[in-house]
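# Remarks on the overall topology
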Amino acid sequence: MAAAAESGARAWLSGGSPRPGSPTSSPELGAGSRSRLGPGSGPGSGIERPGARPPGPSAPGHSFRKVTLTKPTFCHLCSDFIWGLAGILCDVCNFMSHEKCVKHVKTPCTSVAPSLVRVPVAHCFGPRGHYKRKFCAVCRKGLEAPALRCEVCELHVHPDCVPFACSDCRQCHLDGHRDPDTHHHHWREGNLSSGARCEFCRKTCSSSDVLAGVRCEWCGVQAHSVCSAVLTPECTFGRLRTMVLPPACVRLLSRNFSKMHCFRISESAAPEPGDGDDGVDGSAPAGPGKEVAAPESSKQTLKIFDGNDTVQRNHFRVISVPRLARSQEVLEAALRAYYITEDPQAFQLQALPPPTQAGDADTEALGKVWSGGTAEDEGSRGPGSRDVPEAWVIRALPRTQEVLKIYPAWLKVGVAYVSLRVTPQSTAQTVVLEVLPLLGRQDEGPEGFQLLEVLMGSRQVQRMVLADEELLLGRLQAIRQTSLRQMSQTRFYVAERRAVAPRVSLFVGGLPPGLSPQEYSSLLDEAMSLKAGLVSMSHVYSSQGAVVLDVACFAEAERLYMLVRDTAVHSRPLTALVLPDVLHTKLPPDCCPLLVFVNPKSGGLKGRDLLCSFRKLLNPHQVFELTNGGPLPGFHVFSQVPCFRVLVCGGDGTVGWVLATLEEVRHRLACQEPAVAILPLGTGNDLGRVLRWGAGYSGEDPFSVLLSVDEADAVLMDRWTILLDAQEAGGGEGSVVDAEPPKIVHMSNYCGIGIDAELSLDFHQAREEEPGKFTSRLHNKGVYVRVGLQKLSQARGLHREIRLQVEQQEVELPSIEGLIFINIPSWGSGADLWGSDSDSKFEKPRMDDGLLEVVGVTGVVHMGQVQGGLRSGIRIAQGSYFRVTLLKATPVQVDGEPWVQAPGHMIISAAGPKVHMLRKAKQKPRKAGNPRDARVDGEPAPEGDSK
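All of these numbers come straight from a predicted model, not from anything done at the bench. (Residues numbered from 1 in each chain as written. Predicted model: local features only at pLDDT ≥ 70, side-chain atom pairs only at ≥ 80, totals over all residues. Heavy atoms only, no water.)

### A closer look at the overall build of the protein chain
To keep things clear, this is the line we draw: Strands here are runs of E lasting at least two residues and helices are runs of H or I lasting at least four, both read from the DSSP assignment and numbered beginning at the N terminus. To sort residues, take the accessible area from a 1.4 Å probe on protein chains only and compare it with the maximum for the residue type: under 20% means buried, over 50% means exposed, and anything in between is partly exposed. For this analysis, residues touch if any pair of their heavy atoms sits within 4.5 Å. We get accessible surface area from the Shrake-Rupley algorithm with a probe of 1.4 Å; when it comes to residues, only the shown protein chains can shield them.
Within the protein chain, the secondary structure is distributed over 21 helices and 48 strands. In the protein chain, which comprises 947 residues, the proportion classed as buried is 56%. Restricting the contact set of the protein chain to residue pairs at least 6 apart, pairs at least 24 apart contribute 71%. When the accessible surface of the protein chain is totalled, it reaches about 39700 Å², and 51% of it is carbon and sulfur.

### Observations regarding the nonpolar core
As a reminder, the rule being used: Each nonpolar core is a collection of buried residues, namely Ala, Val, Leu, Ile, Met, Phe, Trp, Tyr and Cys, held together in the definition by side-chain atoms within 4.5 Å.
Phe 614, Phe 635, Leu 647 and Met 917 are the most contacted members of the largest nonpolar core, which totals 147 residues. No other element matches helix α5 (residues 327-337), which puts six residues into this core. Apart from the residues lying within four places of it in its own chain, the contact partners of Phe 635 are Leu 595, Phe 597, Phe 644, Val 646, Val 658, Thr 661, Leu 662, Val 665 and Leu 669. Ranked by size, the runner-up nonpolar core spans 28 residues in total, among them Leu 724, Leu 804, Leu 813 and Ala 877.

### Remarks on the sheet that holds strand β45 (residues 904-910)
Stated precisely, the cut-off is as follows: Whether two strands pair comes down to DSSP finding at least two bridges between them. Axes here mean lines fitted to C-alpha atoms, for a helix over just the part in contact, with angles spanning 0 to 180 degrees between N-to-C directions.
Strands sit in the order β35-β34-β45-β42-β37-β38 across an open sheet of six strands; the sheet is antiparallel. With partners counted over all chains shown, the strands left at the sheet margins are β35 (743-747) and β38 (809-811), one partner each. Averaged over all pairs of adjacent strands, the angle between strand axes in this sheet comes to 25°, irrespective of strand direction. As judged from the five bridges shared by strand β34 (residues 720-725) and β35, these two strands associate in the antiparallel manner. Across the sheet, the residue bridging to Thr 721 is His 746, located in β35.

### Brief notes about the environment of Val 690
Tracing the backbone through its elements, the reader meets Val 690 in helix α16 (residues 686-690). Sequence-wise, Val 690 and Ser 826 are 136 residues apart; in three dimensions their C-alpha atoms are separated by 6.7 Å. Beyond its immediate stretch of four places on either side in the chain, Val 690 contacts Ile 824, Pro 825, Ser 826, Met 847 and Arg 919.

### Looking at the environment of Ala 552
Note on placement: Ala 552 falls in the loop between β24 (546-551) and α12 (554-565). Sequence separation between Ala 552 and Val 535 is 17 residues; the distance between their C-alpha atoms is 6.4 Å. In contact with Ala 552, not counting residues within four places along its chain, are Pro 502 and Leu 534.

### Quick look at the packing of aromatic side chains
For clarity, the threshold we go by: Working definition: a ring pair exists when centres of Phe, Tyr or Trp rings (six-membered ring for Trp) sit within 6.5 Å. Plane angles under 30 degrees give stacked, over 60 give edge-to-face, the rest tilted.
Going through the model one piece at a time under the given rule, you end up with 15 aromatic pairs. With 5.1 Å between their ring centres and 50° between their planes, Phe 164 and Tyr 339 make a pair best called tilted. With a gap of 175 residues between them, Phe 164 in the loop between β6 (156-157) and β7 (187-189) and Tyr 339 in the loop between α5 and β15 (347-351) connect regions that are remote in the sequence. For Tyr 339, a relative accessible area of 9% puts it in the buried group. Centroid distance Phe 638 to Phe 644: 5.3 Å. Interplanar angle 70°. Geometry classified as edge-to-face. Aromatic ring contacts, followed pair by pair, group Phe 74, Phe 81 and Trp 83 into a single cluster.

### A look at the pattern of salt bridges
Rule in force here: Any Lys or Arg side-chain nitrogen found within 4 Å of a carboxyl oxygen on Asp or Glu counts as a salt bridge.
Within this structure, the stated rule accounts for 33 salt bridges. One salt bridge connects Glu 342 with Arg 480, and the closest N-O pair in it is separated by 4.0 Å. Here Glu 342 is found in the loop between α5 and β15, whereas its partner Arg 480 is found in helix α9 (residues 472-482), with 138 residues between them in sequence. In this structure, Arg 559 engages Glu 556 in a salt bridge whose closest nitrogen and oxygen atoms are separated by 2.9 Å.

### Side note on the pairing of β24
By the criterion of burial, β24 is predominantly enclosed, with six of the six residues buried. Burial along β24 is two-sided: the residues Ala 546, Val 548 and Asp 550 and Val 547, Leu 549 and Val 551 are all buried. Summarising the sheet, strand β22 (residues 504-509) and β24 pair through five bridges and their orientation is antiparallel. Bridged to Ser 505 within β24 is Asp 550. Both strand β23 (residues 535-541) and β24 contribute to a ladder of six bridges, which runs antiparallel. By the bridge assignment for β24, His 539 is matched with Val 548. Taking the residues between adjacent antiparallel strands as the criterion, β23 and β24 are bridged by four residues, where Gly 545 takes a positive phi near 65°.

### Section: the confidence of the model for the protein chain
Stated precisely, the cut-off is as follows: In predicted models, pLDDT denotes the confidence assigned by the predictor to each residue on a 0 to 100 scale.
For the protein chain, mean pLDDT is 80; residues scoring 70 or higher make up 78% of the total. Here residues 357-386 is modelled with pLDDT under 50, and outside its nearest four sequence neighbours on either side it reaches 29 contacts, counting other chains as well. Residue range residues 729-737 is modelled with pLDDT below 50. Its contacts to residues more than four positions away, or to other chains, number four contacts.

See the structure below:
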């Protein structure tokens, strides 16, 4: 047996045939029935064997063969059941179909998909999660174990398939690449919602059994993959077209920044370390630190590396082969594991010597062995040389010439790329000379152009300018030596050699408020050593403690970004965000984009899923996470947009936060009075109730929410300013020294003093201590009840501890435990504190009448009766100017945000102009059946996110 294994090993290394009697095929290896056409091989140069089905123009890149089915199987094209025992399978990407459907296959194979991408865009993979009834876009198999999902598009992948994912995420902004004249559909295959119907034939195009059907990532049109070719290629952005920020109107020169940075996705949503780096064999994961399942006695498991990079990181993929398999079969299986469909004759396998005890220097020694020794030498080295080594490296054989695809980096060219033959003497400059006539630019001098090398990684697209004297053939060989997969993801562009003026807008928050621009400049220069001439301060938001830096160097922008995130000023950590530029002059006339703010910590912690859903339904650049810089970055990005609306996803406190920020920056906005809608995520959500947005979000379809915002009516609402001045406390000198500085807060809903603020404060402190327990709105209300029961026996006589003046008139307070100023007819999760009874003494309350209503409660029992609808509060006053004197430290809450206020004065008055709010229309949005399949104005509804 050992002799047979040794003979088989030498056959793999030498490229010859094994001894007579060795097995010649196995189901795992595809029986040698594939057909490959590699770059530079030319027509007819692929290896073709009996039974093979060469891929035709309708099946780009696939290596189909007929297989015997052993379990129920569905067609990936029509999603129907495959009757009988025979099906057609692609050996590389696992695409399965009926024999009759093969000629209609349009979906490219995973091995060639990167070469078909027009503009490569990296993905933003979030943390691992469970996604039921979803399929991997790379290997097309179900996601049974925890998998990854792009936070921007509908791509789902196994962690081990991430390195092979095509960098075809949505192009959400201009990044210095070609500017398209029209916006085309961005099709994403499979994982459609249940019951999705084809836009063309109106038949069901979704499947819960296979990856089938396609959906446009922008307008939401869904179709069969065959039917999608019949539809108009231009995308109109669908029903949400007036709310979407068009990608052609957003500019962001990202260069050194990942997509996670560009879309301001917080670190908590980043993938776990190691995601996508482990190896797998077809179905079972295997990689660094993972045990490989023992194969059958007639087979053996081999670790396959694709170059020096994977060897150094010990990231391999696993194949299972017969112990006496032919060298050709083993090599094909190894190439197939890395989705490489080039001619197998251009590669060989080299055994990887077992690691020695040489320590860290051993890696360099192994590299010398590979480059200096022959294959036979490698197979006989080290202990156990007569056994087949378990680790192998795929190596590309030296090539005397290659055919290279060169892509034009400008738009007005009639071809996607041109092919050139590269020889050992070919340099980047000679390639440019040959390419220009083929692209119709022969009249322009070659000195005005350069050659770019672009690595289209699934996580980041990297660009590098090649020197004119760079030898391309040697460059290609070096890339293949490093990683064969990297070679398949590398593309070359010829671009104009023009000086691109780098400009990166860097938002820096968390600075001390109230400083001058010179003080902010000195503070940042001291903390981070700003480079003169490269960094300028374009905007200063002194009241918010934030500035916007314009950086004229990509490397300097990256340095500052990373440094700011690790810097604290006055023990307060700073915030750094990369902000895009909105080209407001290019916005369509009817465009009123929606600026979305989401607080993922509000209420039931549903904000994380909403962030992902809104990023997919809209442009991610119009969705902002409030825990990452607050509302200010969003308003800054939209400052030049002539007309926009705002959607706030959070509780009443979050809404008040956004409205307060809007009040401070209103004078800097081109649209000074944007209307604000609410998606209530909090516990009380009183403002959301008044504006008909409901008692709280409970998982409604995000697309329906956006439709409701689009159809909502604008109404006015009063805003109030509360000046808190504690300097006149107590009258003693010591109290003045310890007094708090005056501050101003804004109010939209209500302000409570006394018992209701005390309950809110206890709840807030409990949530701060154990935030993980406060994920349910019902649980949150239960905590309120428990806190309230603990206060039943307490009585402090609030009316003896405060003084109230209304319109300069002293008002005598009854015996109360809580004093509440209300602006809207909802308090404490929907209770009517003022009551509906008519009163000749007071006017009927309205949220836009410029008046506040003052109500008292006698204690916890009274508050419970009000919330149960059994009683109303004690009506005390109504007015537009109030002065409250606190004689003792007293709990205060404004719009659900509580604190203990020191003795002093509270002055409540109207705050400037009224704000424009959006009230949900009474009629429901039009829809037919499933909201995902709704057709409004002839457009289908995009699919929201679901797990």
